[in-house]
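Overview (structure and organization)
Each chain, written out:
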Amino acid sequence: MVKARKYVVKKAFEGLPKREDFEIVEYELPSLKNGEILVKVEWVSVDPYMRAYSTQFSIPYDQFGYQVGLVEDSKDPKFPVGTKVVSHKGWCDYVIIDTNEVDPFCSVYKLPEIKGFSDSLGVGAVGMPGAAAYFGLMDICKPKAGETVVVTGAAGAVGSLVGQIAKIKGCKVIGFAGSEEKLKWLEEIGFDKAINYKGANLSAALKEAAPKGVDCYFDNVGGELSSIIINQMNDFGRVAVCGSSSSYNEDPSKTPKASILQPALVFKQLKIEGFLTWRWLYRQSDAHTELIKWIQSGELKPREHIYEGFENIYDAFLGILKGENVGKAVVKL
Ligand code: NAP
């Protein structure tokens, strides 16, 4: 009998999630049935959507999330013992997966081969955040060489990839992030300018960085910062709305207000489109193939913020909500 542990959310989050909102539950896993695999989890992901989606689940619920693990026992010849797999089975240390189960977030699949790099990229640059950055930028913003691309949440999992992909595509890239350490790293990896959004006069700072205006905006945070950026867009600019980190921990009845966007949308004839990465699930491996190629050629440098230990998954989660992470936050079990 294998003993497993998992995080269960037992109280709805109010503001920043608290440790007491979770309970770590220990239980024994049953024997495998045909079509099932036993996975020892090696890497667990913490992501902002875990906060944003929390209101859609009834309490109590098992904390969902991406993970990379090793098949330790198998009753499915497609996933023999020793296979590395990616699934959306959440914050647990061992799990039984029915390989025929269809999961709208992602059904279990084999970890793509990323020779010479950590398996943890399977929940980051070569996982869901990688696909979000790739498709949000390439399918919605459609940047052309020479254009100016702005990305917020720029030093995070998605934003840092968006900026680097836009550089590979020959664009000028400006990123907004929340600390001097993050700005320094963004300029090291090729961003033309990084701006601290906690500073003063952001509109003037952006005007100076993008004197010819903004063609593409990849929006990870929403709020007033997005209004400032959208108001400096050029005719026929494109905005991909990926998330709204600035509001996730706010009381839903008092979400922040931002300046009106309609005049800029109309007079500049802008296109603004929200997306969910699952839209491209059927093409996800195409994005991963391209991202792996750039990572292996050294054109794209994925950075990870690594936390360690099952007990520390909560701290890692809180860390991303408070802006502690530089690059993709992952937990090594
Ligand atoms: P992340 O950027 O690695 O981590 C979250 C970051 O948000 C923090 O590091 C922090 O950086 C920033 N942040 C926190 N509070 C903020 C605030 N009040 N205002 C501005 N920034 C704040 O997370 P990620 O995984 O890359 O996700 C980025 C965004 O994309 C999130 O909104 C997420 O929900 C969204 N997303 C959407 C999809 C989709 O399918 N649509 C897929 C993946 C991710 P600073 O220090 O810079 O503040």
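Computed from a prediction, not measured in an experiment: that's the story for all the values here. (Residues numbered from 1 in each chain as written. Predicted model: local features only at pLDDT ≥ 70, side-chain atom pairs only at ≥ 80, totals over all residues. Heavy atoms only, no water.)

**Notes on the packing of helix H2 (residues 128–141) against helix H8 (residues 284–297)**
At a minimum axis separation of 9 Å, H2 and H8 run at an interaxial angle of 95 degrees. Here H2 lies roughly perpendicular to H8, going by the angle between them. Of the residues in H8, those in contact with Met128, Gly130, Ala131, Tyr134 and Phe135 of H2 are Gln284, Ala287, His288, Glu290, Leu291 and Trp294. Broken down by class, the residue content of the contact of H2 with H8 amounts to 7 nonpolar, 3 polar and 1 charged. (Axes fitted to C-alpha atoms, helices over the stretch in contact; angles between N-to-C directions. Helix = DSSP H or I, 4+ residues; strand = E, 2+ residues; numbered from the N terminus. Parallel < 35°, antiparallel > 145°, perpendicular 65-115°, else oblique. Contact = heavy atoms within 4.5 Å. Nonpolar A, V, L, I, M, F, W, Y, C, P; charged D, E, K, R; others polar.)

**Here we look at the domain arrangement of the protein**
For the protein, the assigned domains read domain 1 (2–124 + 303–332) and domain 2 (128–277). A straight line from the C-alpha centre of domain 1 to that of domain 2 covers 29 Å. Contacts between domain 1 and domain 2 engage 19 residues on the former and 12 residues on the latter. Summed over both partners, the interface of domain 1 with domain 2 comes to about 1,300 Å²; 58% of that surface belongs to carbon and sulfur atoms. (Domains from an automatic or database assignment. Buried area = accessible area lost by both parts, 1.4 Å probe.)

**Focus: the pairing of strand E5 (residues 67–74)**
Where strand E3 (residues 36–45) lies against E5, 7 bridges are found, and the strand directions are antiparallel. Bridging from a neighbouring strand, Val44 pairs with Gln67 of E5. (Pairing = 2+ DSSP bridges.)

**Points about the sheet that holds strand E14 (residues 271–274)**
Reading across the sheet, the 6 strands line up as E11-E10-E9-E12-E13-E14 and stay open at both edges, with parallel pairing between neighbours. Of all the strands in the sheet, the pair left with one neighbour each is strand E11 (193–196) and E14. The mean inter-strand angle of the sheet, taken between neighbouring strand axes irrespective of direction, is 15 degrees. Taken together, the 4 bridges between strand E10 (residues 172–177) and E11 define a ladder with parallel strand orientation. From the neighbouring strand, Gly175 faces E11, where its bridge partner is Ala194. Set on the sheet, helix H6 (residues 223–230) makes contact with strand E9 (148–152), E10, strand E12 (214–219), strand E13 (233–241) and E14; between it and E12 the angle comes to about 165 degrees.

**Description of the nonpolar core**
In this structure, Phe22, Ile37, Val46, Tyr49, Trp91, Ile313 and Phe317 are the most contacted members of the largest nonpolar core, which totals 44 residues. Sorting the residues of this core by element identifies strand E1 (2–9), E3, helix H1 (49–52), E5, strand E6 (84–87), strand E7 (94–98), helix H9 (313–322) and strand E16 (328–332) as the ones contributing at least two each. Ranked by residues supplied to this core, first place goes to H9 with 7 residues. Not counting residues within four places of it along the chain, the set of residues in contact with Val46 comprises Trp91, Ile313, Ala316, Phe317, Ile320, Lys328, Ala329 and Val331. In this structure, Ala155, Trp185, Ala194 and Ile292 belong to the second largest nonpolar core, which totals 42 residues. (Core = buried A, V, L, I, M, F, W, Y, C linked by side-chain atoms within 4.5 Å. Buried < 20%, exposed > 50% of the residue type's maximum accessible area, 1.4 Å probe, protein only.)

**A look at the sheet that holds strand E4 (residues 61–62)**
The strand order E2-E1-E4 describes an open sheet built from 3 strands, whose pairing is antiparallel. The open sheet is flanked by strand E2 (22–29) and E4, the only strands paired with a single partner. As judged from the 2 bridges shared by E1 and E4, these two strands associate in the antiparallel manner. Pairing of Val9 across the sheet is with Tyr61, part of E4.

**Some remarks on the site of the ligand**
Around the ligand sit 25 residues, and of these Lys182, Tyr197, Tyr248, Thr277 and Asn325 come closest. Between Lys182 and the ligand, the recorded distance is 2.6 Å, taken from a side-chain N or O atom to an oxygen atom. The separation between a nitrogen atom of the ligand and a polar main-chain atom of Phe275 is 2.8 Å. Starting from 900 Å² of accessible surface for the ligand in isolation, the protein chains cover 90%. Contributions of two or more residues to the shell around the ligand are made by H2, helix H3 (157–168) and H9. Residues of the shell around the ligand, tallied by class, amount to 14 nonpolar, 10 polar and 1 charged. (Near = heavy atom within 4 Å. Polar contact = N/O pair within 3.5 Å; in protein donor to acceptor, adjacent residues only side chain to side chain. Areas by Shrake-Rupley, 256 points an atom, 1.4 Å probe, with all protein chains shown as cover.)

**A closer look at H3**
Working note: α-helix, 3.6 residues per turn, so residues spaced by three or four point in the same direction. Taking 1.5 Å per residue, 12 residues should reach 16 Å; H3 reaches 17 Å between its end C-alpha atoms and fits that length. Counting buried positions along H3 gives 9 out of 12 residues, so the element sits mostly inside the fold. Along H3, the positions that sit buried rather than exposed are Val158, Gly159, Ser160, Leu161, Val162, Gly163, Gln164, Ile165 and Ala166. Those residues of H3 that are buried lie in contact with H2, E9, E10, helix H4 (180–188), E12 and H8. (Expected span 1.5 Å × (residues − 1).)

**Considerations on unusual backbone geometry**
In this model, Ile59 is joined to Pro60 through a cis peptide bond whose omega is -5 degrees. Along the chain, Pro60 turns up in the loop between H1 and E4. A positive phi is found at Lys142, a non-glycine position, where the angle reads about 45 degrees. Structurally, the position occupied by Lys142 is in the loop between H2 and E9. Within the chain, Gln269 stands out as a residue other than glycine whose phi angle is a positive 50 degrees. Structurally, Gln269 is set in the loop between helix H7 (262–267) and E14.

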